[in-house]
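Letter by letter, the chains look like this.
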Amino acid sequence: MISEVEHSEYVLSLMRRAEDCVRVSDTHGAIRANELVVSSDPSNPVAHYNLGILHFQLNHMEESERSFRAALNVMPNDPASLFGLAAAVNEMGNILEAQRLYKEVIKYDTAHTCPRAHLELALIYQQRATPRKALPHLMRFRKLSTPGTPFFEEKDDLAAKVAIANLVASDRLRIVWRNPDPPFKHKSHAELFVVRGGAA
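No experiment lies behind these values; they were computed from the predicted model shown.

1. Some remarks on helix H3 (residues 45-57)
(1) Moving on: Helix length check: H3 (13 residues) gives 19 Å between terminal C-alpha atoms against 18 Å at 1.5 Å per residue, within 8%.
(2) Moving on: Along H3, the residues that are buried comprise Pro45, Ala47, His48, Leu51, Gly52, Leu54 and His55.
(3) Moving on: The opening residue of H3, the one whose side-chain oxygen lies 3.1 Å from the backbone nitrogen of Val46, is Asn44.
(4) Moving on: Of the residues flanking the end of H3, it is Asn59, one or two places downstream, whose phi is positive at about 65°.

Structure representation (structure tokens):
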């Protein structure tokens, strides 16, 4: 029988092994190490979350979903786990569940660590032909995710710009900018008004 201290040290060594595997792009090794953590410490939310990410990277969406749900069982309303779960169910084609989960991410992400939830939710709204709901989330995403912020990624910013441009080009919405600058150059200086049917 091992002591609690020895058990904790064993779990930490497995977590370090998983991190080492990730550093050298050994995804399968990282999965094995995290599975050992979970079998030894089922209430470890980090290992469940890591398994969700690793399975997602391998396109194992059912395993990813299970792992994120397990993380949420241990740590309910964790924004990162909710975001991972939303991404997994979205990949599996369950758009309505993904929409619900991205809303949950936004609700519980008071520190704004998952700004991409706004982008993903906006893309779902666009896909479901509800652009009036998409636009505020696109603008919120661009406000929260700017160059220099920890979670900024150029490709996500470009996706938001393209989505906004598509909305502007559509007949469904007209955007009136009080500031004369174009929206993509000085978005933070502009006040946005969404007008249905082009009537100001």
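2. Structural notes on the packing of aromatic side chains
(1) Moving on: Going through the model one piece at a time under the given rule, you end up with two aromatic pairs.
(2) Moving on: Here Tyr49 and Phe68 contribute two aromatic rings whose centre-to-centre distance is 5.7 Å and whose plane-to-plane angle is 65°, an arrangement assigned as edge-to-face. Highlighted residues: Tyr49 in helix H3 and Phe68 in helix H4 (residues 61-74), separated in sequence by 19 residues.
(3) Moving on: What makes Tyr49 partly exposed here is its relative accessible area of 25%.

3. Structural notes on the pattern of salt bridges
Two side chains that carry opposite charge are able to pair once their charged atoms sit near each other.
(1) Moving on: Tallied over the entire structure, the rule returns 10 salt bridges.
(2) Moving on: Across the pair Asp157 and Arg142 runs a salt bridge whose closest N-O atoms are separated by 3.0 Å. Here Asp157, found in helix H9 (residues 154-169), pairs with Arg142, found in helix H8 (residues 131-144); they are 15 residues apart in sequence, far enough to count as distant.
(3) Moving on: Look at Asp157 and you get buried, because its relative accessible area is 9%.
(4) Moving on: According to the relative accessible area criterion, Arg142 is buried, its value standing at 4%.

4. As for the packing of helix H5 (residues 79-91) against helix H6 (residues 95-108)
(1) Moving on: Between H5 and H6, whose axes approach to 8 Å, the crossing angle comes to 165°. One element, H5, and the other, H6, form an angle in the roughly antiparallel class. Judged by the twist between their axes, the crossing of H5 over H6 is left-handed. Contacts between H5 and H6 involve Pro79, Leu82, Phe83, Leu85, Ala86, Ala87, Val89 and Asn90 from the first element and Ile95, Glu97, Ala98, Leu101, Tyr102, Glu104, Val105 and Tyr108 from the second.
(2) Moving on: Looking at side-chain class alone, the contact of H5 with H6 contains 13 nonpolar, one polar and two charged residues.

Quick notes on the rules
Residues numbered from 1 in each chain as written. Predicted model: local features only at pLDDT ≥ 70, side-chain atom pairs only at ≥ 80, totals over all residues. Heavy atoms only, no water. Helix = DSSP H or I, 4+ residues; strand = E, 2+ residues; numbered from the N terminus. Expected span 1.5 Å × (residues − 1). Buried < 20%, exposed > 50% of the residue type's maximum accessible area, 1.4 Å probe, protein only. Polar contact = N/O pair within 3.5 Å; in protein donor to acceptor, adjacent residues only side chain to side chain. Phe/Tyr/Trp six-rings, centres within 6.5 Å; stacked < 30°, edge-to-face > 60°. Salt bridge = Lys/Arg side-chain N within 4 Å of Asp/Glu carboxyl O. Axes fitted to C-alpha atoms, helices over the stretch in contact; angles between N-to-C directions. Parallel < 35°, antiparallel > 145°, perpendicular 65-115°, else oblique. Left-handed = near helix turned anticlockwise from the far one by under 90°. Contact = heavy atoms within 4.5 Å. Nonpolar A, V, L, I, M, F, W, Y, C, P; charged D, E, K, R; others polar.

Everything listed here is a matter of coordinates, which is why it stays silent on function.
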